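# Working through the structure, step by step
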Amino acid sequence: MMDTKRRSFLKSAALAAAGSMVAGDTSLPVVHADQAVGDLPGGDGLNWNKAPCRFCGTGCHVQVGVEDGRVVAIAGDKAADVNKGLLCVKGYHVGGILYGSDRLTKPLLRKDGELTEISWDEAIETIAKRIFDSPDTFAFYGSGQWTIPEGYAAQKFMKGGLGNNHIDPNARLCMASAVTGFIATYGVDEPAGCYQDLDECDVLITWGNNPAEMHPVLFSRVTDRRSRGQQVRIIDIGTRRTRTTDAASDYLEMKPHGDVAIALGIMHLLIENDNYDKSFVGKHCNFRGAEAENPTLQGEAISEDDFRKSIAKYTPELVEELSGVPADKIRMLADLFGNHDIRITSLWCMGMNQHTMGTAINSLVHGVHLLSGHFGRPGDAPTSLTGQPSACGTVREVGTLAHALPGGRVVAKPEHRQQSEEYWNVREGSISEVPGYHTVKMFDQFTRPTSEGGDITTMLVQVTNPGQTLPNLNALFNDKKDLDDKFLIVSEVYPTATTLLADLILPAALWVEKNGMFGNSERRTQQWFKMVDPPGQARDDCWMTIAIAHKLFEMGHEGMKDKDGDFIFAIKDDDGKEIPVWDFDHYYDTNVDKHLFEEYRQFTRMKHKNLAPYDEYVKARGLRWPVVEQEDGSWRETRFRFSAFDDPFVKEGQEFEFYHSSSDDGRAQIWFHDYQPPPEMPDDQYPMWLCTGRVLEHWHTGTMTRRVAPLNRAMPTAYVEMNMADAKAANIRQGEVVTIESRRGTCDLPVWIDGRGRPPRGTVFVPFFDETKLINNCTLEAHDPFSKQPDYKKCAVRVVKKTTQSQSPAEKAAVKESPATTAEVPS
Ligand SMILES: Nc1nc2c(c(=O)[nH]1)N[C@H]1C(S)=C(S)[C@@H](COP(=O)(O)OP(=O)(O)OC[C@H]3O[C@@H](n4cnc5c(=O)[nH]c(N)nc54)[C@H](O)[C@@H]3O)O[C@H]1N2
Ligand SMILES: Nc1nc2c(c(=O)[nH]1)N[C@H]1C(S)=C(S)[C@@H](COP(=O)(O)OP(=O)(O)OC[C@H]3O[C@@H](n4cnc5c(=O)[nH]c(N)nc54)[C@H](O)[C@@H]3O)O[C@H]1N2
Ligand code: SF4
Ligand SMILES: [Mo]
């Protein structure tokens, strides 16, 4: 029997497909997933080629059908290990995102307040001049949706060329705490396990994430097992009920930050009950705690006895008080972890990362697995999921964060800078040792007047929409409009909340309109080729970076020359003649992605993150690093890192080896951190918790998915989810527009009582996809001290009833369109 979850995905896809016939504009025929490439429809004119899906970090592969220069069909790729032919509703419609009627097609410069068409030459020259005049006050804000070569080019341009480390991506808002958690625990980033863990676990624990909507195809790998008669127990821990809860065997509702107490409580009981894995811990782990002053990710060694004493107070009763989860459920979790006959996989995403204790809770959940020995066997793994399609590939691996260098290196270490300078063939000392501004700080400096120390004056934004997604928009973005000397450059595909304040807009090519590579959540690097031309004058982001660099080179900027006097991005043909790739007419004379990737690949060998040559990725549906060459010349990927049975870097005779251990002894660190309360809590004035997040149908700010008619029709407006009892107490009706107010701003939204997600009493939830309802006016920029990742998951708000008379026609229309009042909401 088909599992209900999977059936509802297929039903949504079918619904959407039916809708597409009516919609006509941006939706495409949906080809059923059961069709393999060989039997996809087509004739002489229809060509099929592989690409990873443009959306989430699951990293499904699609087959893209192209006819007469247009993407005309999308199918799931049966040859792809990740999704085996299946897609979610967004994947089926991914082709439609290219064809919104308002694509940006020309560079636009704001002159006297009006956006005016200009040539690409003028655009590139304008940017280069501003950078040339003030290189240190320039910042580059990028994305986990950058392709790997785009991120690598931006990274090299900034750190190797300009000698300025003010480059940071939106992924700071997304997985920075996962990175610091991995580094604190294993000394090196990214998960040890892979998606196979989901096929083999007996118990799956979701720690405040909602994979049924956010990683749908991945989640269906687990729910499908049940339909094949396998037993898998899903335990959902969260601050609200979601579609993941619907598939769960147990739901543990916790208070915000309750996860910290729960993890401490499990570890306490494992020790108390003496059923932790003494052999694993004795051979492979150390204990660690934070330094009393100036804590670092390194921490300080503590004894097992110290650990035992620190954790003693986290009894099930105290954990119940802190987390709201009953003590017997904490005992149940501890008993599961104490049982070695079962395999347990933990999954998490933004609930644990967007957290002022993000580094701590990531380390603690790794600690639960290490202490209990639920580590390193297929199905037994702490697995952090990433959200964006290349947050791993482009941000974590290429190191496009303000403090990092490619391949797990950092700007603060002289030997790391020196190695990078060698690979880039740039002068010694080119790379600055001072980390640049992280995202929140970068925007704070950009929107602060220069006279008040706001020392970022020009910002280039690529593949991200900060005008909608930064926290506390009134403090971090909106002030830009009053600052005439600050210059915002935005590379985009559609008009957005960010382009509204842009001084210069660059029209970008999107997804299969360019070559690309992504790296998904399971260390899998993927490649695709350009299949169709971008509209009008839209161009590749990577080209933009190279063209700006070349203009600076022409202007005599020394940093844009390598040690031999060549352009830092020079690509030469077989005769040694430079190919003018900075001229867009020649950009596709060669495969720029391949050149950049081969250069980048050198860095990846330094920290056992080895990648294969570009051509191997052309053949595969992605390969999981480290990828190592075999004696017969073939390339082998790695599924389970640090485990001898699969990882080629584990020394002979060892069962496990954490070969980047921060204690230099091959061991991982089990951390102790004390519970701390959330940064802002409900009080008399603002009595409710606000949690924010996403919905199945839309991708983040909806710029792409809201232009695909069936997706937008299924979820036409943002809403505020409320508990029935709270709504009744406040006399609030279904669909009524209310104002959400926090100390930082307000947002008007229609109410959806007990809707798709069901928050407990005292909590409301709002998705952030709707550009007409900016909930980030309300959210908080408080962030984790190590990762600098802000907490979007909790702040204090009040819900204010509006009188019906005061509702504008637009608001009345929103009520009509509210998912709560339309029949089209997929159930
Ligand atoms: N359809 C769709 N899929 C997506 C995306 C999208 O925009 N649309 N975006 C992608 C991206 S970039 C990301 S980052 C992921 C996000 O994927 P998820 O993290 O799965 O989703 P969110 O909706 O951001 O998270 C909401 C959850 O946070 C939990 N939470 C709230 N407070 C706490 C707390 O204190 N502790 C813990 N542990 N949990 C808490 C709540 O239980 C809530 O359900 O989704 C990816 N997939
Ligand atoms: N309230 C709240 N806010 C959040 C979060 C939350 O949970 N709650 N989550 C945070 C997280 S985890 C994330 S990842 C961020 C995501 O935040 P953003 O990255 O700001 O959101 P996106 O909508 O993905 O923005 C990508 C933009 O790039 C454009 N685009 C698409 N393809 C291309 C291309 O090839 N080139 C160019 N130049 N542009 C392109 C799209 O039109 C879109 O506007 O949001 C963060 N903000
Ligand atoms: S699960 Fe993610 S990668 Fe897969 S089809 Fe859906 S949006 Fe695309
Ligand atoms: Mo994200």
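Relevant structure appears above.
These numbers were taken from a predicted model, which means no experiment stands behind them. (Residues numbered from 1 in each chain as written. Chains lettered and ligands numbered in written order. Predicted model: local features only at pLDDT ≥ 70, side-chain atom pairs only at ≥ 80, totals over all residues. Heavy atoms only, no water.)

### Re the sheet that holds strand β22 (residues 623-624)
Pairing within the open sheet is antiparallel, and its three strands lie in the order β20-β21-β22. Of all strands in the sheet, those bounded by a partner on one side alone are β20 (516-519) and β22. (Pairing = 2+ DSSP bridges. Helix = DSSP H or I, 4+ residues; strand = E, 2+ residues; numbered from the N terminus.)

### Considerations on the site of ligand 1
By nearness alone, 33 residues border ligand 1, and Met214, Asp259, Arg694, His698 and His700 come closest of all. Contacts to ligand 1 include Gly208, whose backbone N or O atom sits 3.3 Å from an oxygen atom. The separation between a nitrogen atom of ligand 1 and a polar side-chain atom of Asp259 is 2.7 Å. Expressed as a share of its isolated accessible area of 930 Å², the protein-covered part of ligand 1 is 99%. (Near = heavy atom within 4 Å. Polar contact = N/O pair within 3.5 Å; in protein donor to acceptor, adjacent residues only side chain to side chain. Areas by Shrake-Rupley, 256 points an atom, 1.4 Å probe, with all protein chains shown as cover.)

### Digging into the site of ligand 3
Around ligand 3 lies a shell formed by Cys53, Phe55, Cys56, Thr58, Gly59, Cys60, Leu87, Cys88, Lys90, Gly91, Pro216 and Val217. Looking at the shell around ligand 3, the elements that each hand over two or more residues are α2 (89-92) and α8 (216-227). When its residues are assigned to classes, the shell around ligand 3 shows eight nonpolar, three polar and one charged. (Nonpolar A, V, L, I, M, F, W, Y, C, P; charged D, E, K, R; others polar.)

### Concerning the packing of aromatic side chains
Overall, the coordinates contain 36 aromatic pairs when judged by the stated rule. A ring pair is formed by Tyr314 and Phe672, whose centres lie 6.4 Å apart and whose planes are at 50°; its orientation type is tilted. In this pair, Tyr314 is assigned in the loop between α12 (304-311) and α13 (316-323) and Phe672 in strand β25 (residues 668-672), connecting sequence segments 358 residues apart. Like Tyr314, the residue Phe672 is buried in the burial classification. Between the aromatic rings of Tyr587 and Tyr588, the centroid separation amounts to 5.2 Å while the plane-to-plane angle is 85°, which identifies the pairing as edge-to-face. The side chain of Arg523 reaches across the aromatic face of Trp625, ending 5.8 Å from its centre. In this arrangement the basic side chain of Arg707 is found over the ring face of Tyr494, its NZ or CZ atom lying 4.2 Å from the centre. (Phe/Tyr/Trp six-rings, centres within 6.5 Å; stacked < 30°, edge-to-face > 60°. Buried < 20%, exposed > 50% of the residue type's maximum accessible area, 1.4 Å probe, protein only. Lys NZ or Arg CZ within 6 Å of the ring centre and 35° of its normal.)

### A few points about the side chain of Asp770
Inspection of the secondary structure puts Asp770 in the loop between β30 (763-767) and β31 (795-801). For Asp770, a relative accessible area of 0% corresponds to the buried category. Polar contacts involving the side chain of Asp770 include one to the side chain of Thr772, which spans 2.6 Å. Ignoring sequence-local partners within four residues, the contact set of Asp770 consists of Gln468, Arg706, Pro716, Thr717 and Ala718. (Contact = heavy atoms within 4.5 Å.)

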